[in-house]
Amino acid sequence: MLHEGNKVIDEKRQGEALMLDTPTSKNHKKLFLESYGCAMNFSDSEIVASILSGDGFETTRDFNEADVIFINTCAIRDNAEQRVRARLQDFKKLKKQHPSLIVGVLGCMAERLKAKFLEEEKLVDIVAGPDAYRDLPNLIEKVEGGQKAVNVLLSREETYADISPVRLGSNGISAFISIMRGCDNMCSFCVVPFTRGRERSRDPESILAEARNLFDQGYREVTLLGQNVDSYLWWGGGQKKDLDPALVEDALHHRLPAGEQERFTTFADLMDRVAQIHPDLRIRFSTSNPRDMTDAVLHVMAKHDNICKYIHLPVQSGSSRILEKMNRGYTREDYVQRIEAIRRILPGCGLSTDIISGFCSETEEDHHETLRLMEWAGYDFSYMFKYSERPGTAAEKKFEDDVPEEVKGRRLQEIVDLQQKLSAVKTREAVGKTVRVLVEGPSRKSAEMLSGRNSQNTVVVFPKGNIRPGEYVDVYIERCTVATLIGVVV
Ligand code: 5AD
Ligand code: SF4
C-alpha cells in the first residue's frame, strides 16, 4: 500500500491538478488531469500525460478551458470515492455549458465500477482502468465520434516500462519511479488486487535508465514504488509469473546457489544497483510488506549511505487474531521480529506504519494489543484509518462489519492520540543533533525558510541563506514541533 511522502494523499490532499509543459501541439487540445489516491496513482497520471502528449494534448491548470478532463480516482475507502463523486458534480455543470467537453474517469474507481459508472454518472464519457492508458487516444476518438468508451481490461504484462513519464507538479528534486504494478496479496479488507490486477515487475534496466535520466536532469531523490516492493522479481527471461512458485520463493529469499541466484533481480539487488548510480542520488521506497521483507533488503540499506534509513511497514493491527482474519500472512510475533531485525541491522532507522481501527469482530482487547504494539515499536509516523467495507473483498463476503461506527471512531482517536505522543518523542530526540537534509524547496509557512527531509523522512526547516533546492546541507536542530524539526545550517 502506498503513500506519498509522509502524507496519505487520499485522506489529506485534495485532488491535484497537474500541469504538463509541452510545446504547442498539432491539434491544440487541452487536457485537465486531476489525481486522487496513492503515490502510484500520481505516478500513473504522469504516464497518462506522457501518452496524451504524444497525441497532441497540452495540459491546463484551469478546467474551464479544457477539452478533456480526466480524473484519476482511488477506491480504497468509501470516503475516497465520495470525494470523487462530489468532484464529478463540478464537471457535470461545466459539461452542461460545453456539451463537447469530454469527461473521463481513470484509475481504481473506474476499474471497480466499470461500465456501471456510465449508468451512475451519466455525464461521464470515458471509463479507463489502470492498465488501459495506452488506449486513451482511441477512447477519446471514439467519444468524439459520438459513443461512450470503456476499457477496464487488466493485464498480466503491462508495466508501461517504455513510457517516459512527464513529471507533473514536480519540485524538480524528488520523483517517483514505479517498479511494479498490481498486488497478489489478497488482504481481506483491500480492493487493490481487484482494481490494479495481478502483480508484475518492471524490467530493471528500464528502471535504472529512468533513475539515471532523472539524476542527469538534476533530480536528487527517487522513490521506488510498488504495492509490495519486497516481492519484486525479474529474471533474465522475464517475470516471476512464468516460473515455478518454489523457485520464486527461493530466489526472493536469496536462497539459490550463487550462480543461479545471479539470474534473478530481487528488490535488494535492484536497490543495490540504483544506489550505485550516484552517491548524491537518494533512494526511498514504498511499500514494504512485513510478510515478505527480507534481511537482504536491510543489508543493502545498511551498505549505502544514499538509501534513506526509513521504512514504512504497515502493521494494520497488533492482534494476531485480527491479522489472520485480514489474511496478512504474519502474526504479531513475526512482525515484532521484523522490527527487531530492522533495529539490529539499521540502528536509528525511521519507522512508520498503517493501522486500521474497527476491523470486523475487533474487541477492546484486540484494540489494546494494537496500542501496546505501537508503543513498543515507537513509530515516527502512522497513517490511521477506520475500517471501510469494500464491495467484492473477502471481508465483505465472509465477515460482518460489526464494530459500531462510534466505536471505530473512538478507537481511531485513541490510536491518533498515542501516535501524536510517539511522534513528539521522536522529534524531541533529534533536538541538539545535526542531521543531513536534502533541500526540496521553500517551506510551506515562510518564504524565508527552506524545507527538506532527513534520512528518516522527518521534515526539517531552516533559514534559506544562499542555499538552493537540490543541495545537501547539515542542519543543527534547535527546536521542534510534533512533526517538524527546526534548525540552522552548520
Ligand atoms: N478500510 C480502511 N483502510 C484500508 N486500507 C486499505 N483498505 C482499507 C479499508 N477497506 C488502508 C490500509 C493500507 C492503507 C493504504 O489503507 O491501512 O495499508
Ligand atoms: Fe492507490 Fe488504487 Fe489503492 Fe487508492 S485504491 S490507494 S489509488 S492503489
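Calculation notes
- Residues numbered from 1 in each chain as written.
- Chains lettered and ligands numbered in written order.
- Predicted model: local features only at pLDDT ≥ 70, side-chain atom pairs only at ≥ 80, totals over all residues.
- Heavy atoms only, no water.
- Near = heavy atom within 4 Å.
- Polar contact = N/O pair within 3.5 Å; in protein donor to acceptor, adjacent residues only side chain to side chain.
- Areas by Shrake-Rupley, 256 points an atom, 1.4 Å probe, with all protein chains shown as cover.
- Helix = DSSP H or I, 4+ residues; strand = E, 2+ residues; numbered from the N terminus.
- Nonpolar A, V, L, I, M, F, W, Y, C, P; charged D, E, K, R; others polar.
- Domains from an automatic or database assignment.
- Pairing = 2+ DSSP bridges.
- Contact = heavy atoms within 4.5 Å.
- Axes fitted to C-alpha atoms, helices over the stretch in contact; angles between N-to-C directions.
- Core = buried A, V, L, I, M, F, W, Y, C linked by side-chain atoms within 4.5 Å.
- Buried < 20%, exposed > 50% of the residue type's maximum accessible area, 1.4 Å probe, protein only.

*Asks:* When you look at the site of ligand 1 in this model, what are you seeing that I'm missing?
*Replies:* By nearness alone, 13 residues border ligand 1, and R77, F189, Q316, D354 and S388 come closest of all. At a separation of 2.5 Å, an oxygen atom of ligand 1 approaches a polar side-chain atom of D354. For ligand 1, a nitrogen atom lies 2.8 Å from a polar atom in the backbone of S388. In the complex, the protein chains occlude 98% of the 410 Å² of accessible area that ligand 1 would expose alone. Going through the elements one at a time, β17 (350–357) and β18 (381–386) are the ones with two or more residues in the shell around ligand 1. Its residues assigned to classes, the shell around ligand 1 shows 6 nonpolar, 3 polar and 4 charged. When residues of the shell around ligand 1 are sorted by domain, at least three fall in each of domain 1 (2–151) and domain 2 (174–429).

*Asks:* Looking at this model, I keep getting lost on the sheet that holds strand β13 (residues 238–239). Mind explaining?
*Replies:* In sheet architecture, strand pairing relies on hydrogen bonds along the backbone and comes in two forms, parallel and antiparallel. Strands sit in the order β13-β12-β14 across an open sheet of 3 strands; the sheet is antiparallel. A single partner strand is all that each edge strand has here, and the edge strands are β13 and β14 (264–266). Inspection of the sheet shows strand β12 (residues 233–235) paired to β14 by 3 bridges, in the antiparallel sense. Across the sheet, residue L233 finds its bridge partner in β14, namely T266. Of the strands in this sheet, β12 and β14 are in contact with helix α9 (residues 245–252), which crosses β14 at around 60 degrees.

*Asks:* Hey, could you run me through the sheet that holds strand β23 (residues 484–489) in this one?
*Replies:* On the basis of which strands lie adjacent, the closed barrel formed by 5 strands has the order β19-β20-β21-β23-β22 and mixed pairing. The sheet shows a mean angle of 55 degrees between the axes of neighbouring strands, taken without regard to direction. Direction of pairing for strand β22 (residues 472–480) relative to β23: antiparallel, over a ladder of 5 bridges. Paired with I477 across the bridge in β23 is G487.

*Asks:* I'm lost on the site of ligand 2 in this one. Help?
*Replies:* The environment of ligand 2 is formed by C38, N41, C74, A75, I76, C108, V192, R196 and Q227. In terms of residue class, the shell around ligand 2 is made up of 6 nonpolar, 2 polar and 1 charged. For the shell around ligand 2, the two domains that each supply at least three residues are domain 1 (2–151) and domain 2 (174–429).

*Asks:* I tried to follow unusual backbone geometry on my own but got confused; where do I start?
*Replies:* Of all residues except glycine, most have a negative phi; of all peptide bonds, most are trans. Of note, the amide linkage connecting S286 to T287 takes the cis form, showing an omega dihedral of 5 degrees. Positive phi, close to 55 degrees, is recorded for M186, a residue that is not glycine. As for its position among the elements, M186 is in the loop between β9 (180–181) and α7 (192–196). Here the phi dihedral of S361 falls at roughly 75 degrees; this positive angle occurs in a residue that is not glycine. Within the element layout of this structure, S361 appears in the loop between β17 and α15 (364–377).

*Asks:* Looking at this structure, how should I read the nonpolar core?
*Replies:* The tendency in soluble globular proteins is for nonpolar side chains to be buried as a group. One finds I179, L224, F267, M271 and I311 to be the most contacted residues of the largest nonpolar core, which totals 67 residues. Residues contacting F267, with those up to four places away along its chain left out, are I179, L224, V229, D230, Y232, F285 and V297. If you look at the next biggest cluster of nonpolar residues, it comprises 25 residues, including F70, I126, L136 and L168.

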